[in-house]
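# Structure assessment
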Amino acid sequence: MAGKNVTSLKYCAVMRIDILTLFPGMFEGPLTESILQRAREKELLDLRFHDLRSFGLGKYKQIDDSPYGGGAGMVMRVDVIVKAIEAVMSEGQKGKRGQEGQEGPLRIYLSPRGKRLTQTKVERLAKKKWLLLLCGHYEGIDQRIIDGGWIDEEISIGDYVLTGGELPAMVLIDAVARQIPGVLGKDESAQEESFSASLGRKREYPHYTRPEEFRGLTVPDVLLSGNHRKIGEWRIDKIK
Ligand code: 4GX
């Protein structure tokens, strides 16, 4: 441990997130660049992908079927999805000294029918040690997966319908990961703190940087004044 700050280790809140998806390849890119990749390298964020196809039934690894009562599209099967969820949950029990097995993952289904994801919700999720994200396709999943208690929360990232739950899952992972202590750099998180203090976490006021003048467009004088009380007042005034 030479050269390592051992006391800082206790603040390393590792978060494990298991993702159940038909398209694990969709996650390459967004989660292998920049801050999220750095978080994974630092082992603050432990992402584990599971291909739902591998839990499918029969020769063709079937995971969906036509809806009872008729209608267009396909529905993801309860037997297949429950098998996948339970496989991930039982992995925790096998964890070293049962650490992960103490409590199972918070199981989330991303769905336009869910409760809207907000910053408050993100901060609550960031306190969890272990999340499981189920990414749905087609018309969604058999309702018995939810009614039977295999999903803890249904969450929507917004009031529109996408082709699948993968992009919503990535949005949730990104928003949650940046709340994990150590994921943002020292400067970034210090800035974050000052944002949450009086100015709101959403950075709703306008920002400027160099150059001071661009094609006749200038920076508000107050921001160049060095008067931090006035700058604060100006920013509060400009929120929304
Ligand atoms: N915020 N999608 C879920 C399948 C589906 C369709 C209907 C339930 C009912 C979404 C969103 C979202 C696409 C994920 C459709 N599930 N997820 N999927 N908006 O659009 O979270």
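Bear in mind that the values here come from a model prediction, so they are computed numbers and not experimental data.

Turning next to a nonpolar patch on the surface. Taken together, Phe-23, Met-26, Tyr-160, Leu-162 and Leu-167 make up a surface patch of nonpolar side chains, about 460 Å² in accessible area. Mapped onto the elements, Phe-23 comes out in the loop between strand S1 (15-21) and helix H1 (34-41).

Here we take up the nonpolar core. Core analysis: the largest hydrophobic core is formed by 30 residues, its most contacted members being Ile-17, Leu-45, Ile-108, Leu-133 and Leu-172. Contributing elements (two or more residues each) for this core: S1, H1, strand S2 (45-51), strand S5 (106-116), helix H3 (119-125), strand S6 (130-135) and helix H5 (166-177). A per-element tally of this core places H5 first, with seven residues. Leaving out residues up to four positions away in the same chain, Ile-17 has contacts with Leu-45, Asp-46, Leu-47, Arg-48, Leu-131, Leu-133 and Ile-173.

Attention now moves to the site of the ligand. Around the ligand, a shell composed of 19 residues is seen, among which Tyr-109, Ile-157, Gly-158, Tyr-160 and Leu-162 lie nearest. Contact distances for the ligand include 3.1 Å between a nitrogen atom and a backbone N or O atom of Gly-158. A distance of 2.9 Å separates a nitrogen atom of the ligand from a polar backbone atom of Tyr-160. Burial of the ligand by the surrounding chains reaches 92%, relative to a free accessible area of 460 Å². Residue assignment for the shell around the ligand shows that the elements contributing at least two residues are S5 and strand S7 (153-156).

Our focus in this paragraph is H5. Counted at 1.5 Å a residue, the expected span for H5 with its 12 residues is 16 Å, and the 16 Å between its end C-alpha atoms agrees. Buried residues of H5: Glu-166, Pro-168, Ala-169, Met-170, Leu-172, Ile-173, Ala-175, Val-176 and Ala-177, and no others.

A few words now on the side chain of Glu-166. With respect to the helices, strands and loops of the structure, Glu-166 is situated in helix H5. Among the polar contacts listed, one links the side chain of Glu-166 to the side chain of Thr-21, at a separation of 2.6 Å. Here His-137 takes part through its side chain, which lies 2.8 Å from a polar atom of the side chain of Glu-166. Once residues lying within four places of it in the same chain are set aside, the contact partners of Glu-166 are Thr-21, Leu-22, Phe-23, Met-26, Phe-27, Cys-135 and His-137.

In the predicted model, the protein carries a mean pLDDT of 90, and the fraction of residues at 70 or more is 86%. Ignoring residues within four places in sequence, the model shows residues 1-8, a span with pLDDT below 50, making two contacts including any to other chains.

What follows concerns the environment of Trp-150. Inspection of the secondary structure puts Trp-150 in the loop between helix H4 (144-147) and S7. Relative accessible area serves as the criterion here: at 24%, Trp-150 is assigned to the partly exposed category. Those residues within four positions of Trp-150 in sequence are excluded, and the remaining contacts are Val-82, Ile-85, Glu-86, Arg-107, Arg-144 and Ile-145. At 3.1 Å, the side chain of Trp-150 and the side chain of Glu-86 are in polar contact.

Scoring rules and cut-offs
Residues numbered from 1 in each chain as written. Predicted model: local features only at pLDDT ≥ 70, side-chain atom pairs only at ≥ 80, totals over all residues. Heavy atoms only, no water. Patch = residues over 30% accessible without salt bridge, like charges linked within 9 Å, V, L, I, M, F, W, Y side chains within 5 Å. Areas by Shrake-Rupley, 256 points an atom, 1.4 Å probe, with all protein chains shown as cover. Salt bridge = Lys/Arg side-chain N within 4 Å of Asp/Glu carboxyl O. Helix = DSSP H or I, 4+ residues; strand = E, 2+ residues; numbered from the N terminus. Core = buried A, V, L, I, M, F, W, Y, C linked by side-chain atoms within 4.5 Å. Buried < 20%, exposed > 50% of the residue type's maximum accessible area, 1.4 Å probe, protein only. Contact = heavy atoms within 4.5 Å. Near = heavy atom within 4 Å. Polar contact = N/O pair within 3.5 Å; in protein donor to acceptor, adjacent residues only side chain to side chain. Expected span 1.5 Å × (residues − 1). pLDDT = per-residue confidence, 0-100.

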